[in-house]
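# Tertiary structure, described
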Amino acid sequence: MSDASTNPLRPRAAIQQLLLDGNVRAVLEMAGMLHGHYCVGLALGVKAVHAGFKRLGIIDNTGMEEIMAVAECNSCFVDGIQFAAGCTLGNNALVYQDLGKTAATFYCRGGSVAVRVCVKSYDIDTGPEEEKREGDALFEKAVKRREKLSDAENTRMKELWNKRSFAVAAAPDERCFLIADVKAPAFAFAPIFDSQQCVVCGEKVMESKAVFRNGQPHCLACAGEEYRMVVGKGISVGRTAH
Ligand SMILES: [Zn+2]
Ligand SMILES: [Zn+2]
C-alpha cells in the first residue's frame, strides 16, 4: 500500500488514487481483504465503481453521504461497491434496493445526473473453455450443493476464480456493463435520533425504533414486534422469540 493510505485526514486516498489511475486490478486485490475471496461478482463491483466514478468525475469520497451508491442486490458485487466506492451500509451512503439485479447507481448529492451500471452477464469469456467448465463444476459442488471440497479441489477452485476475477477486471467495460445516465435519486440524509432505554433489556435503542407499552419504551426485540432484516435472500421480516 502507498503512504497515502496512512493519511489520517484522507484514509481512502490510496484507493481513490488507484481508481483515478484506472488501476482496477490493484483495487480488486485490496477488496479481497474485505470480501475474503476473489470472484467475478467482487471484480464486477469494483469495476462498476471505476466506470461510474469516471463518468461522474468523482475524485474523492469522505464517506459523509456526499457520494451515494444505490445497490440493487446483496451479493459479492456489493462488497466490490462498498470497498471501491466507500459507500457502505455503515456510513449510510449505500442504499439497498431489494430488486435482485446486479446493478448499482452512483451520484453526488446536489447533482441532477446519476450513472447506473448494470451487469450484462457474469458469463464473460475470459479464458480457456475447459477452465471455465472446471471452475463452474467446483462452484456447483461447493456453493450450490454445499458439498465439502477436498483441500486440492478447494485450492484449485480459488486459483480458477482468481484468474477469472482478474481477467474480468481487465475486460473492457462495454463487455461487462450497460452504462446509462439516469435522473439522480433524492434520498434524504440519514436522520439523527435520540435514544430511548428499553425497560426490559436496559439497552439503548434509537427513538424511531422504540415502541411504547403502557408508556414505557421497549426495543422491538423485547416487545416481540416484527422488524425487517437483510438476510441472504434479501429483505425479510423477523421477530425475536421469547
Ligand atoms: Zn464473492
Ligand atoms: Zn429490549
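Look up: the structure comes first, before these words.
This structure is a prediction, so every number in the text was calculated from the model and none was measured.

### Describing the layout of surface pockets
- When its volume is computed, the largest pocket comes out at roughly 910 Å³.
- Lining the largest pocket are 25 residues, and of these Leu89, Asn92, Leu94, Met206 and Lys209 lie nearest its centre.
- Those elements giving two or more residues to the lining of the largest pocket turn out to be β2 (94-96) and β10 (226-231).
- Taken together, the residues of the lining of the largest pocket break down into 18 nonpolar, 2 polar and 5 charged.

### A closer look at the pattern of salt bridges
- This structure, assessed with the given rule, holds 18 salt bridges.
- We note a salt bridge from Arg55 to Asp181, for which the minimum N-O separation is 3.0 Å. With Arg55 in helix α3 (residues 40-56) and Asp181 in strand β5 (residues 177-183), the pair connects residues that are 126 residues apart, well separated along the chain.
- Asp181 gets classed as partly exposed once you look at its relative accessible area, which sits at 48%.
- For the salt bridge of Arg164 with Asp136, the shortest nitrogen-to-oxygen distance reads 3.2 Å. Linking Arg164 in helix α6 (residues 151-170) with Asp136 in helix α5 (residues 129-144), this pair joins segments that are 28 residues apart in sequence.
- Judged by relative accessible area, Arg164 falls into the buried class, the value being 18%.

### Focus on the pairing of strand β4 (residues 113-119)
- Most of β4 is tucked away: 5 of the 7 residues are buried.
- Examined bridge by bridge, strand β3 (residues 103-108) and β4 share 4 bridges and lie antiparallel to one another. By the bridge assignment, Ala104 is partnered in β4 with Val117.
- Hairpin connection, β3 to β4: the antiparallel pair is bridged by 4 residues, and Gly110 has positive phi, about 95°.
- Bridge analysis of β4 against β5 gives 7 bridges, and the strand direction is antiparallel. Each bridged residue has a counterpart across the sheet, and for Val115 the counterpart in β5 is Asp181.

### Concerning the sheet that holds β4
- Pairing in this open sheet of 5 strands is mixed, and the strands run β2-β1-β3-β4-β5 from one edge to the other. The open sheet terminates on both sides in strands that have one partner only, identified here as β2 and β5. Put simply, the sheet's adjacent strands are angled 20° from each other on average, direction ignored.
- Bridge count between strand β1 (residues 67-71) and β3: 5 bridges; the pairing is antiparallel. Bridged to Val70 within β3 is Thr105.
- Across the sheet, α3 touches β1, β3, β4 and β5, and the angle it forms with β4 is around 155°.
- Sitting on the sheet, helix α4 (residues 76-85) touches β1, β2, β3 and β4, and the angle it makes with β3 is about 20°.

How each quantity is defined
- Residues numbered from 1 in each chain as written.
- Chains lettered and ligands numbered in written order.
- Predicted model: local features only at pLDDT ≥ 70, side-chain atom pairs only at ≥ 80, totals over all residues.
- Heavy atoms only, no water.
- 1 Å grid on protein atoms, 1.4 Å probe; cavity = no way out; pocket = protein on both sides within 12 Å on 5 of 7 lines; lining within 4 Å.
- Points joined across faces, edges and corners; volume = space filled by probe spheres on them.
- Helix = DSSP H or I, 4+ residues; strand = E, 2+ residues; numbered from the N terminus.
- Nonpolar A, V, L, I, M, F, W, Y, C, P; charged D, E, K, R; others polar.
- Salt bridge = Lys/Arg side-chain N within 4 Å of Asp/Glu carboxyl O.
- Buried < 20%, exposed > 50% of the residue type's maximum accessible area, 1.4 Å probe, protein only.
- Pairing = 2+ DSSP bridges.
- Axes fitted to C-alpha atoms, helices over the stretch in contact; angles between N-to-C directions.
- Contact = heavy atoms within 4.5 Å.

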